[in-house]
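Commentary on secondary and tertiary structure
Each chain is listed here by its residues.
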Amino acid sequence: MTNKTSKPELNRLASRIFWRHRGRMLFFALCIAVGVGCLFTIENFLDSINELIAGKARETLAADVTLASWRPFTPEIESSLAQLKKEGYQASRTLAFSSMAKPLKARFPFLVSVRAIEESYPLYGNMEVSPSDYRERFFAGNTCLIGQQLAIQYKIDLGDKIFLGGSTLEVIGFILKEPGQSFRGTFSPRIMVPFSEVKKTGLIQYASRISRACLLACPPHLQDSAKAARELKERLRRELSDPYLRMASYTESQPTVREVLQRVSTFFVLVSLVTLILGIIGMATSVTTFFHEQLETIGTLRCLGLTSSHISQLYLRLCFFIGLLGGTLGILIGVIFSYTAQIVMEQVFSIPVPVSIQIKNVLAGLFFAILITLGANYAAVSSLAKVVPLDILRGRLKTFVISRQALGITITIGLGLLFLYTLQSSNSPKIAFFFTISLVGIVLFSLLLILLSLRVLEIFLRRLVSSSFWGFSLRHGWRQLIRQKARSITFFLALTLGITLLCSLELIEHSLVREISVDEEDSRPDIFLVDVQKSQISSVKKIMSDYAKSSKDFSPLIRARLTHINGESVKRKDIKELSMEERRRQRFLTREYNLTYKDTLNSSETITEGKFWEEGESRPLISLEKRFAERLGLSLNDTMSFDIQGRKLEGEIVAIRSINWVSMSPNFFVIFPRKVLEPAPQMLITSLAVHDSLKIATFREELFDKHPNIIVINAGQILESVRQMLTYLIGGLKGVGWICAAIGLLILIGTLSMGKVQRRRKILLLRSLGSSSQSTRAIDFVEFASIGLITAVIVGLLSYSWSFFLAQQVGVVSHDTLEKILPYLLVSVFLPVVVGLFSNRRLYREVR
Amino acid sequence: MNEKAPILLELVQVTKKYRSGEEELTVVDNLSLEIPAGKTMAITGPSGSGKSTLLNLIAGLDRVSQGEIYLQGVSLGDWKDESLAQWRRQEVGFIFQDFRLIESFTALENVSLPLEILGEKTNLAQEKAKELLKELGLEYRLQHFPGQLSGGEQQRVAIARAYAHHPKIILADEPTGNLDPHTSNQVMKNLLNINKTRNTTLVVVTHDTSVAQLMEKIVSLTNGRISHDE
């Protein structure tokens, strides 16, 4: 006798259905696997980098705790440091600044990043120098160590001399590795000098920008080093009142690296999310089609004693298996991507990041894939379960209708989860909100355009009465497209989203790269002079006049700190508690400000709100840059108080300016009237357009000979580096974008293959009614070509809207839009035709 | 000895009405009927006479508008959907005119399905299914999919599936409706043979008089009422 249990065994049944339809299940799983794989790669890669940073944090910081300031340490700080030394703490001072340097045998000077160190540096980690026995000679004085890159670039040998400010230093070693260097991107090569040497160079002048740091190491008897470092930092925070002082412990080191990584990864997360969402749409619509085909089976199963709840559980189990397969495939894809990313990071960016597959990310990937598969198909499953079996048995039901309520709940929860995920990834409510809303907007806009296009086709169809070969083909091809609306919408959405993403990335890259490229025809400045003293103006002007195609006025630069806004004191908060926007605001609030004064605006500035003051204004009025004001939440009539070298200055905001930053003129966030700030300690900056590498080098040489303290920044070179980084970044994003487009294609192929039975019946019917084989192919050609054409039109419209949005919001003007996106539009026209006809080739062969 | 068989199912003044727009349609009208355990019964009648509806009411796939159906003295009307489903799962076997085999499952998997739903281990369920299919002459068709079988073979697989879990009652809705006369005879022969060995109650809805004549009892329906009972 059979063992008759009260609960039916559904797992085996679900696995059997899964296995019997394994081809389709693989397709459903693949739809989400790629998106999951991309996200898995990003999460895993970020974790690997974070682990790497955490593992080397002490060596990277070269200390347990660092104190740093742009100003000389106050007596209070010095006394605290003295006390710490008495208690057994080790201390090591460093100075860091930018300067021009010139090797004796080189013709031209160049910008270098100088670090002055004491003998005790580094407190942790190693300096790798060739030759390794450099220390004694180095600290004896008149010597320097240079970066290996610099040595290669300028063919500098050991024993060569380098001019740095007023000193001539002998190169006694090449720096192979210094603490923290692997994650720092610098535009200028490194020179290290003994701490005692700095004064002799004469480079520390009034208002020069020099970072002073003191590295501290806890006494060895404190065994829990992390705890000791945290406690030391807390103690210093309590003891020291200097608001300019920045403190960091190794337990929280490299926050900038983390933040930069998080920001870059956010772009990848967003593009991957689009891929995933596209996959989810494809998977959900295909699974629903599959469920329609399962109605007969469901009728039978209900007769065999399964309730509607059992049907629901059965098909949710099936979705679980699809999710599990999708997650597993996603992780496999992610592992391949991770190793590819490792190679790219090592070979392109010279950052070795070992890939370690984190088990928590594997589990999260699986969980995530299962959750989204269950969530995306929940509405269909719950509607399927409610189907009345008698309607199936009596042949009254060939399809089922998804309950609007269930669909509404699914979409709402889905969007909520999307928002939360984006929020967690970006730590920015603004980005999360903007992304979610934009995505909904783009999907709705695309849907509207798709429905509109289908409606237009319908109108054409009614008027198309020609009995010619192409008239017949057009009528039937369009009819196929219009009558199977749900399927057609899936095609369109999948292709539109994928190709629009690619077009958008192409437009962003093109516009940004073009904005930041400085060529010889350009009249924009490409050279900046920093640290010019008032007394040097006339001499510098004279040198400039020999080289510059055009130049800007000298702008005074006064360093200050923001102390109060509207009377309320500005305080530093723990960054762990802050969102990305709040962190950015805090950075703006607590940064060192470069103020300037003037009574007339330059050509790149436009007043957008309020009124700029007249010549000779003596009241403390302020004009702010527009985006800066928005970030700080400031508007007209608000007050800001600054501390300028110990003196308080409070001003009222009377004008908001927009600045065309790409004009490359020296511009400032905060401006005061001339009379208000003129007496303050200051240095000057200016810019000039040279656009000739040889002239730039000669200019540098002449300027270095006469004024070695002045820093010459080649903006063209920096922008070239930025352009290169941007190209890499957008290249990577475009890679994910292509994956997204490939998903669109996969959906197209999958949906076509799912409708093959129906297509075969139709072809057979047409052939038996006397239609030729060319005619059946022509009908399909019309259908696929129409898909392609409509997709291209929608993609074009979306891309134009996007570039218009960019122009309005970001101030980036897009150029040659059509020219840039034309290849993508052609791809969107031809791809459906090629893929459609190719995937039906067997049908055409079978039904001759 | 002519001992009277115990009653498995009793239908008392059963009425089933459907609403079609404004119109109310009485498909089964105040019908009373007893179905003895272990006996075979044919329900005949023209199209629209309420035969299939009656079968669905007995199976618990549909509920009566008025009246009661008793299963060994217990009213099905008091049962919740879950209990009715359990009744179908454990005690009812179905045979349909269009076979209703699951297209993606092999013959063996289709037959073992009711057993597996009841929690039988796959290998044991398939052993039992194999025996049944062998009994019905389909041992060489075990791994074939429904699409690879003839109509007669498909119906024999459906018969095997209906008997696989030893139900108390088999409900067959026009089991020979899609078959030619020769295959139809073969299938009925198979059905009656297997029913005889298992002593199961068999209710066959048919409008084929030759099929009806093979049953121990024949009930004829006209407009939802019993017009003839022999």
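Coordinates for the structure precede this section.
My aim in this report is to walk through the structure given alongside it, one point at a time. (Residues numbered from 1 in each chain as written. Chains lettered and ligands numbered in written order. Predicted model: local features only at pLDDT ≥ 70, side-chain atom pairs only at ≥ 80, totals over all residues. Heavy atoms only, no water.)

Concerning the overall build of chain B
Definition in use: For the purposes of this entry, the term helix denotes a DSSP run of H or I that reaches at least four residues, the term strand denotes a run of E that reaches at least two, and both are numbered from the N terminus. All radius of gyration figures rest on C-alpha atoms, and the globule criterion is 2.2 Å times the number of residues raised to 0.38. Whether a residue is buried, partly exposed or exposed follows from its accessible area with a 1.4 Å probe, protein chains only, as a fraction of its type maximum: under 20%, in between, or over 50%, in that order. Contacts were defined at the residue level, with two residues in contact if any of their heavy atoms lie within 4.5 Å. Surface accessibility follows the Shrake-Rupley procedure with a 1.4 Å probe radius. Residue values consider only the protein chains on display as shielding. Charge assignment in this entry is limited to Lys and Arg as positive and Asp and Glu as negative, and neither His nor the chain termini are counted. Here the site of a charge means NZ on Lys, CZ on Arg, CG on Asp, or CD on Glu.
When helices and strands are tallied, chain B shows 7 helices and 10 strands. Computed over its C-alpha atoms, the radius of gyration of chain B comes to 18 Å, within 12% of the 17 Å expected for a compact globule of 230 residues. Seen through its C-alpha atoms, chain B measures out along the principal axes to roughly 50 × 50 × 40 Å. Expressed as a percentage of the 230 residues in chain B, the buried residues total 54%. The contacts of chain B with a sequence gap of at least 6 include a subset with a gap of at least 24, amounting to 70%. Carbon and sulfur atoms form 46% of the exposed surface of chain B, whose accessible area is close to 10,200 Å². Looking at chain B, you have 24 positive and 30 negative side-chain charges, and the mean spots of the two groups are 3 Å apart.

Let's talk about the interface of chain B and chain A
Accessible area lost on assembly of the parts is the figure often given for the size of an interface. This is how it is decided: Computed with a 1.4 Å rolling probe, the buried area is the accessible surface lost when two parts are put together, summed over both parts. When a carboxyl oxygen of Asp or Glu lies within 4 Å of a side-chain nitrogen of Lys or Arg, that pair is called a salt bridge. Polar contacts, as used here, are pairs of N or O atoms within 3.5 Å; protein pairs need one atom able to donate a hydrogen and one able to accept it. Residues neighboring in sequence count only if both atoms are side-chain atoms.
Counting residues at the interface gives 38 residues for chain B, matched by 31 residues for chain A. Buried surface at the junction of chain B and chain A, both sides included, amounts to about 3,000 Å², of which 53% is carbon and sulfur. On the chain B side of the interface with chain A, the three residues burying the most area are B:Arg89, B:Arg100 and B:Ile117, jointly 22% of the side's total. Inspection of the region where chain B meets chain A yields 5 salt bridges. Close ionic contact of A:Arg16 with B:Glu109 constitutes a salt bridge, the shortest N to O distance being 3.8 Å. Applying the counting rule to chain B against chain A returns 13 residue pairs in polar contact (both at pLDDT 80 or more). Listed by contribution, the elements that provide at least two residues to the side of chain B that touches chain A are α1 (51–59), α2 (81–91), α3 (107–117) and α4 (122–135) of chain B.

Here we look at the packing of aromatic side chains
How two aromatic rings sit relative to each other is set out by the distance from centre to centre and by the angle between their planes. Definition in use: What counts as a ring pair is set by centres within 6.5 Å for rings of Phe, Tyr and Trp (its six-membered ring), and what kind of pair is set by the plane angle: stacked under 30 degrees, edge-to-face over 60, tilted for all other angles. Two limits define a charge over a ring: the Lys NZ or Arg CZ must be within 6 Å of the ring centre, and within 35 degrees of the ring normal.
Counted under the stated rule, the structure contains 20 aromatic pairs over all chains. Look at A:Phe320 and A:Phe321: their rings are 6.1 Å apart centre to centre, the planes differ by 70°, and that puts the pair in the edge-to-face class. A relative accessible area of 35% places A:Phe320 in the partly exposed class. By relative accessible area, which is 21% here, A:Phe321 ends up partly exposed. Between B:Phe94 and B:Phe96, the ring centres sit 5.4 Å apart and the planes meet at 0°, which makes this aromatic pair stacked. For B:Phe94, a relative accessible area of 5% gives the class buried. Judged by relative accessible area, which is 7%, B:Phe96 ranks as buried. The ring of A:Trp19 has A:Arg22 sitting right over it, with the charged end atom 4.1 Å from the ring centre.

Describing the sheet that holds strand β7 (residues 169–173) of chain B
All names here are of chain B. Defined as follows: Two strands form a pair only when DSSP identifies at least two bridges running between them. Where helices are involved, their axes are fitted lines through C-alpha atoms of the stretch in contact, as for all axes, and angles between N-to-C directions lie from 0 to 180°.
The 6 strands are arranged β6-β7-β8-β3-β9-β10 in an open sheet whose pairing can be described as mixed. Strand pairing shows two members of the sheet lacking a second neighbour, β6 (92–95) and β10 (225–229), which therefore form its edges. In this sheet, adjacent strand axes meet at a mean angle of 20° when their direction is disregarded. Relative to strand β9 (residues 217–222), strand β3 (residues 40–44) is paired through 4 bridges, and the arrangement is parallel. Counted as the bridge partner of Met41 is Lys217 from β9. Where α1 meets the sheet, it contacts β3, β6, β7, β8 (201–205) and β9, and its direction lies at approximately 155° from that of β7. Of the strands in this sheet, β6 and β7 touch α2, which is tilted by about 75° from β6.

Points about the sheet that holds strand β2 (residues 23–36) of chain B
Residues and elements named next belong to chain B. The antiparallel open sheet is built from 4 strands, whose spatial order is β2-β1-β4-β5. Each edge of the sheet is formed by a strand with only one pairing partner; in this case those strands are β2 and β5 (74–75). With 10 bridges joining them, strand β1 (residues 7–20) and β2 adopt antiparallel strand pairing. Each bridged residue has a counterpart across the sheet, and for Arg19 the counterpart in β2 is Glu24.

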